[in-house]
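Letter by letter, the chains look like this.
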Amino acid sequence: MSENMDRGSSQPDEAHMSIQSRSNPSDIPHMSDGQVWDQASRNHSIHTCLMEMVLSLQQAVADHITQLATRHQQQDLVPEEQGHNQPIWGQEALLGRLMFQMVNHLQFGATGGQKFQPPCPSEDSKGDVRSREQAQVSKQIYKIFYQLTNFEDTSINYVLSNRGVETSALYHGSFQDYNTYQGNKYHEDKNTSGFINLGTSENKLCTDLLTERLSRSDMNYIDDDLLQYSDWRGQPFLREEVAQFLTYYCKAPAPLDPENVVVLNGCSSVFSALATVLCDPGEAFLVPTPTYSDFVFSAHLYAKVDLVPVDLESQVSDANTHPFQLTVDKLEQALLNAKLEGKKVRGLVLINPQNPLGHIYSQDSLMEYLEFAKKHSLHVIIDEIYMLSVFDESITFRSVLSMESLPDPNKTHMIWGTSKDFGISGFRFGTLYTHNKEVALAMSSFGYLHGISGITQYKLHRLLQDREWIDNVYLPTNHSRLQEAHRFITNELKSSKIPFLSHGSGLYVWISLRKYLDPCTFEEELLLHRRFLDKKLILSCGKTFMCKEPGWFRLVFAATPLLLKHAMQRFYTVLVEQEQDWVVKQLEDAINQEVEDLPASDASQSYSREVILTSGLEGCCSDLGL
Amino acid sequence: MPRPRPSSPYSARSPSPMFTLPQKESRKPTTCPGSVSTRGLHSIYGDGLEREAARKPDQKLLYGVGDPTAMFSSDSPHLSSRGSIIKWFWDSAEEGYRTYHMDEYDEDKNPGGIINLGTSENKLCFDLLSRRLSHSDMLRVEPSLLQYPDWRGHLFLREEVASFLSFYCKSPAPLKPENVVVLNGCASLFSALATVLCEVGEAFLIPAPYYGAITQHVYLYGNVRLVCVYLDSEVTGLETHPFQLTVDKLEMALQGAISEGVKVKGLILINPQNPLGDIYSPGELREYLEFAKRHALHVMVDEVYMLSVFEESVGYRSVLSLEGLPDPQKTHVMWATSKDFGMSGLRFGTLYTENQDVATAVASLCRYHGLSGFVQYQMAQLLRDRDWINQVYLPENHARLKAAHTYVSEELRALGVPFLSHGAGFFIWVDLRKFLPEATFEEERLLWRRFLENKVLLSFGKAFECKEPGWFRLVFSDKAHRLRLGMQRIRQVLEGKSQVAEDPPSCQTQEPRGPHR
């Protein structure tokens, strides 16, 4: 049976029919979910999908009723026999699942369909805010449905808690296609038709350097201490190294204190734990948007903290001297609005260098934001995870830890990790530096849950300690490679007249594809995103960064030149298609208008229409000059 | 700056009733078997308050750190309400451990330092492990290990775990990699499972005494409670051994919890048990699983000591070896290398569940519980090396555990101290009730403090939520010289008890909590 499913039939009816005959109801939850509908949604529009679902739901309901009738008869005869409940149970689970899926589709159908929007491939884009509401609604329906069908208090208990269902829904919504990508990665020799991922913000330009450095013999030290429980805040030797490292690279006015360092397995973990100790459930942080969407995820999943967006705009005006500028006025406004809505705001989250904009906050702006926070006694969480990825030398990045006097040091918390700056996201290392001992101690409790292996801590300690290698080998090479890749991409974008924002830092450019959207809506943005996916190119769309304006995409350029070249070919192909479709649509509209005006003359009509279409396409191609 | 408490689940459980009301009653030793006590997260630590109440005011200053009332009478200006509770956890939980760290025994540098027989770690095989982990096959660095992983764990590792568990748990059919989720330790696994199986405020049943840290693991993020199923040392009725878990006790605890309006979603079993060292027979295990199935409860079976059964006659059976589990979709098995491979610092744990909904939900939290690609690679190499495990590591480890166990149990016998031990785990459950002038937890703590003053750290029964005062857990999996010294110091305390008792407690002494891992 499961083989049947795995083949991914695009005929849901057939698939579900076969499921109904399963004897083990517990298999139901694994079924169809991904494969069938993924397949289906690739081939059909969202409406077709829904129609098919409704049909199969109808079929399932009919079967269910038949079964019920049969069972009641049987029960009269053999009331005790448990076995008869099994197919019924299975059908109920199936019905629930179908409803669940339909709700998913309906929720996302409005904006283009969830399956049309696999934010997954982008590490950063896993937190579509909307999926939260979606999950909540669908789990309610799921629940209501079970309550309705739970006519006897037998074994029907859905396995997961509400938050478990929601977590799962998020996972399903966002990881399915990431896994597809994992299973079908582009490889320059072996798999040239695989997915190219310019969605996940990973630096793959220096794996040779890192591999070499990490293979050196000094990395392979094993000690009893590394194998035992250690200080849950992180091994003292690593915290000392981190303190020294940050003192040096952040240019701290005074040596930083290892006691203020907390080391956990990744910045997501740091953020999750920090949100938990700073906020109670339902409280909120302000966050300028577009923003790194992992924080939306991490604020929500465990911590149940909300993010209140401070919407920034691309339009330049008097109050907005550059696109997406963050000003204190906007912060004040957002805070006020949140208060009016009864939200308890506990802090402000800043990312510097910004992700996805690539902005760097000047020291003055930073000071303004910090003063604003102090005025409202808000915590400030500053994520400086790209601080060493500022590859344009003309730009001066200033870490918050470099400031002589912080307005409110007890409420200023800095996050850093090696994932981006050293391109080792698989290492799982993140660190918090806070002047607030109380916060550091509260965070320490999470060492149990976000601990790093002693062996890894040792390697990190060696890596961070090797200033000579970092300063003379790694950073110069990394910066020049980033620069080169950046130059390639920006030249490409300039030559095809695609507007973009980039400020010489980070691993990505923020591009505007608004002119390819008609109308300029998030639905169209998702469709375009989907088109890229169809051509095996993964980008992150603006929606996943909580961007207020449709049409923005983040493109990660920290990849090899060859990969970038292939990626850009796919990129242009999609844009050409997008334009062609636009032309076709225009022509169809025009023709339909004509058809209404003209008397019916079918043969000539269809002929002339074809001609027009073909010439339209040619025109479109030449317009783009491709 | 004071701020209004939000209307969150946390405010409903405002600290004062939390720390007083539920405990006064449940804390009394009761003779009723299987009596139930619904425990908030804090109740296990709550005796700090009792002690505080009993303490004379002039001594109060000595114990500022672990004082929950002080903690909660003033709202922290920087932390959320739950943040304050979490910090308090840390303060109370880690102080004992840190006291030990400040004065750790070292043969050369600090021979007068504290010997730690409290933390359940196997320190007998570091030589074997260091050597194995330094083999050249461990040192590979591949770019894919540097990048974002599959959050369930790298496939190569999950395959290795499945095959490893199939072999060592003697599963009737090969276990599947897709049912495996890999994360950074069993603490994380408890946290993730609590979150995806329970709503805020719901509960798991757990037979007590139990490994106390679970309380914190299920609370920190999950805000899930534990309902203790109290076991006692007296053998009554049809029981065959002390602290026996029976279905009756489970039923009574469950009904008790329900009558108090607590929604129970699952049952936690630790097998081999910590701290009792008990091993559940397949028959017993099946009864517990049937009980869970009757009440539609999940069962989380923590088998983290499964390869640390050093007495071959014991006949340990993993739950994964059972043919036809009563409710396979609700049976979730946990294992890790912390104990069986003596690498608690490695942070590797794994879940095996046939339930894909649960696996997926746990995996979706794994971005917060990931472990380095390198370590995943090394673990796969380690678990794959059956020759080394079967011919070198396990025989040697078991022989060393047995020798240490023999030594300690003989010492205890010589001291006339009763104890429980079943040839599994790293610890002996020691009955020091006769050394308490009064059967109270206050006295238990005083005795514990005398041990600490005599530079030997043990874990006392209260930390395991044992309802009878006077039980201690003694970890024996340590090197001979430390063990000898530790036992010597224990002997001194027990024999010279009256003399030590007259000394006032030292102001340096901190509260014990942390080491009971």
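Residues numbered from 1 in each chain as written. Chains lettered and ligands numbered in written order. Predicted model: local features only at pLDDT ≥ 70, side-chain atom pairs only at ≥ 80, totals over all residues. Heavy atoms only, no water.

A short note on the overall build of chain A
Helix and strand counts for chain A stand at 21 helices and 13 strands. Within the span of chain A, comprising 626 residues, buried residues form 60% of the whole. A fraction of 75% describes how many contacts in chain A between residues 6 or more apart in sequence connect residues 24 or more apart. (Helix = DSSP H or I, 4+ residues; strand = E, 2+ residues; numbered from the N terminus. Buried < 20%, exposed > 50% of the residue type's maximum accessible area, 1.4 Å probe, protein only. Contact = heavy atoms within 4.5 Å.)

Thoughts on unusual backbone geometry
Of the consecutive residues Thr289(A) and Pro290(A), the connecting peptide bond is found in the cis state with omega at 5 degrees. Take Pro290(A): it is sitting in the loop between strand E3 (284-289) and helix H12 (294-300). In this structure, the amide linkage connecting Ala208(B) to the following residue, Pro209(B), adopts the cis form with an omega of 10 degrees. Its location among the elements puts Pro209(B) in the loop between strand E4 (203-208) and helix H10 (213-220). We note that Lys497(A) has phi near 55 degrees; this positive angle belongs to a residue other than glycine. Position of Lys497(A) among the secondary structure elements: in the loop between helix H18 (467-495) and strand E9 (500-501). Even without a glycine there, the phi angle at Ala296(B) is positive, about 50 degrees. With respect to the helices and strands, Ala296(B) occurs in the loop between helix H12 (282-294) and strand E7 (298-302).

Observations concerning helix H11 (residues 267-278) of chain A
Helix length check: H11(A), at twelve residues, gives a terminal C-alpha distance of 16 Å against a target of 16 Å (1.5 Å per residue), a fit within 8%. Here H11(A) has its buried residues at Cys267(A), Ser268(A), Ser269(A), Val270(A), Phe271(A), Ser272(A), Ala273(A), Leu274(A), Ala275(A), Thr276(A), Val277(A) and Leu278(A). (Expected span 1.5 Å × (residues − 1).)

What to know about the confidence of the model for chain B
Taken residue by residue, chain B gives an average pLDDT of 83. The fraction at 70 or more is 80%. Below a pLDDT of 50 lies the segment residues 1-74 of chain B, which in the model reaches 150 contacts outside its immediate sequence neighbourhood of four places, other chains included. (pLDDT = per-residue confidence, 0-100.)

Things to note about the packing of aromatic side chains
Here the structure, examined in full by the defined rule, presents 47 aromatic pairs over all chains. Their ring planes at 90 degrees and their centres at 5.3 Å tell us that Tyr386(A) and Tyr508(A) sit as a pair that is edge-to-face. One end of the pair, Tyr386(A), is in the loop between strand E6 (379-383) and strand E7 (412-417); the other, Tyr508(A), is in strand E10 (residues 508-512), and 122 residues separate them in sequence. The class for Tyr386(A) is buried, based on a relative accessible area of 1%. Between Trp429(B) and Phe464(B), the ring centres sit 5.6 Å apart and the planes meet at 85 degrees, which makes this aromatic pair edge-to-face. With Trp429(B) in strand E11 (residues 427-431) and Phe464(B) in the loop between strand E13 (459-460) and strand E14 (471-475), this residue pair connects regions lying 35 residues apart in the sequence. We note that Trp429(B), like Phe464(B), is buried. Three or more aromatic residues joined by ring pairs form one cluster here, namely Phe245(A), Tyr248(A), Tyr249(A), Trp416(A), Phe422(A), Phe429(A), Trp469(A) and Tyr474(A). (Phe/Tyr/Trp six-rings, centres within 6.5 Å; stacked < 30°, edge-to-face > 60°.)

Concerning the packing of helix H10 (residues 236-249) of chain A against helix H17 (residues 454-465) of chain A
All names here are of chain A. At a closest axis distance of 9 Å, the pairing of H10 and H17 adopts a crossing angle of 25 degrees. Taken as axis vectors, H10 and H17 run roughly parallel relative to one another. When you trace H10 past H17, the crossing you get is left-handed. Contacts between H10 and H17 involve Phe237, Leu238, Glu241, Val242 and Phe245 on the former and, on the latter, Gln457, Tyr458, Leu460, His461, Leu464 and Gln465. (Axes fitted to C-alpha atoms, helices over the stretch in contact; angles between N-to-C directions. Parallel < 35°, antiparallel > 145°, perpendicular 65-115°, else oblique. Left-handed = near helix turned anticlockwise from the far one by under 90°.)

Focus: the sheet that holds strand E12 (residues 540-541) of chain A
All names here are of chain A. With antiparallel pairing, the four strands of this open sheet are ordered in space as E9-E10-E13-E12. Sheet topology places E9 and E12 at the edges, where each strand pairs with a single neighbour. Relative to strand E13 (residues 552-556), E12 runs antiparallel, the two being bridged by two bridges. For Cys541, the partnering residue across the bridge sits in E13 and is Phe553. Across the sheet, H18 touches E9, E10 and E13, and the angle it forms with E10 is around 10 degrees. Across the sheet, helix H19 (residues 522-534) touches E12 and E13, and the angle it forms with E13 is around 30 degrees. (Pairing = 2+ DSSP bridges.)

Quick look at the nonpolar core
Within the largest apolar cluster, 320 residues are counted, with the highest numbers of intra-cluster contacts made by Leu246(A), Leu286(A), Phe422(A), Phe571(A), Leu205(B) and Phe341(B). Not counting the four nearest positions on each side in its chain, Phe422(A) is found in contact with Leu210(A), Phe245(A), Leu388(A), Trp416(A), Leu463(A), Leu464(A), Trp469(A), Ile470(A) and Tyr474(A). (Core = buried A, V, L, I, M, F, W, Y, C linked by side-chain atoms within 4.5 Å.)

Re the interface of chain B and chain A
Across the boundary between the two partners, chain B contributes 91 residues, which contact 92 residues of chain A. Summed over both partners, the interface of chain B with chain A buries about 7,900 Å², with 56% contributed by carbon and sulfur atoms. The three residues of chain B that bury the most area against chain A are Tyr148(B), Tyr221(B) and Tyr368(B), which together make up 13% of that side's buried surface. At the boundary of chain B and chain A, one finds one salt bridge. A salt bridge links Asp294(A) to Arg367(B); the shortest N-O distance between them is 2.1 Å. Summed over the shared surface of chain B and chain A, the result is 46 residue pairs in polar contact (both at pLDDT 80 or more). Breaking the side of chain B that touches chain A down by element, the ones donating at least two residues are helix H5 (81-102), helix H6 (126-133), helix H7 (143-146), helix H9 (186-197), H10, helix H14 (356-364) and helix H15 (373-384) of chain B. Partitioning the side of chain B that touches chain A into residue classes produces 42 nonpolar, 33 polar and 16 charged. (Buried area = accessible area lost by both parts, 1.4 Å probe. Salt bridge = Lys/Arg side-chain N within 4 Å of Asp/Glu carboxyl O. Polar contact = N/O pair within 3.5 Å; in protein donor to acceptor, adjacent residues only side chain to side chain. Nonpolar A, V, L, I, M, F, W, Y, C, P; charged D, E, K, R; others polar.)

What about empty space enclosed by the protein?
According to the stated counting rule, one finds 19 cavities of 30 Å³ or more in the structure shown. The computed volume of the largest cavity comes to approximately 200 Å³. If you trace the largest cavity, you find 18 residues lining it, with Tyr229(A), Cys186(B), Ala187(B), Tyr211(B) and Lys339(B) closest to the centre. Broken down by secondary-structure element, the contributors of at least two residues to the lining of the largest cavity are H9 and helix H13 (337-340) of chain B. Grouping the amino acids of the lining of the largest cavity by side-chain chemistry returns ten nonpolar, four polar and four charged. (1 Å grid on protein atoms, 1.4 Å probe; cavity = no way out; pocket = protein on both sides within 12 Å on 5 of 7 lines; lining within 4 Å. Points joined across faces, edges and corners; volume = space filled by probe spheres on them.)

Structural notes on the pairing of E13(A)
Residue and element names in this part refer to chain A. Within E13, five of the five residues are buried, which leaves it mostly tucked inside the rest of the structure. In E13, alternate side chains face the same way, and those of Trp552, Arg554 and Val556 on one face and Phe553 and Leu555 on the other are all buried. In the sheet, E10 pairs with E13 via five bridges, with the strands oriented antiparallel. In the sheet register, Tyr508 faces E13, and the bridge partner there is Val556.

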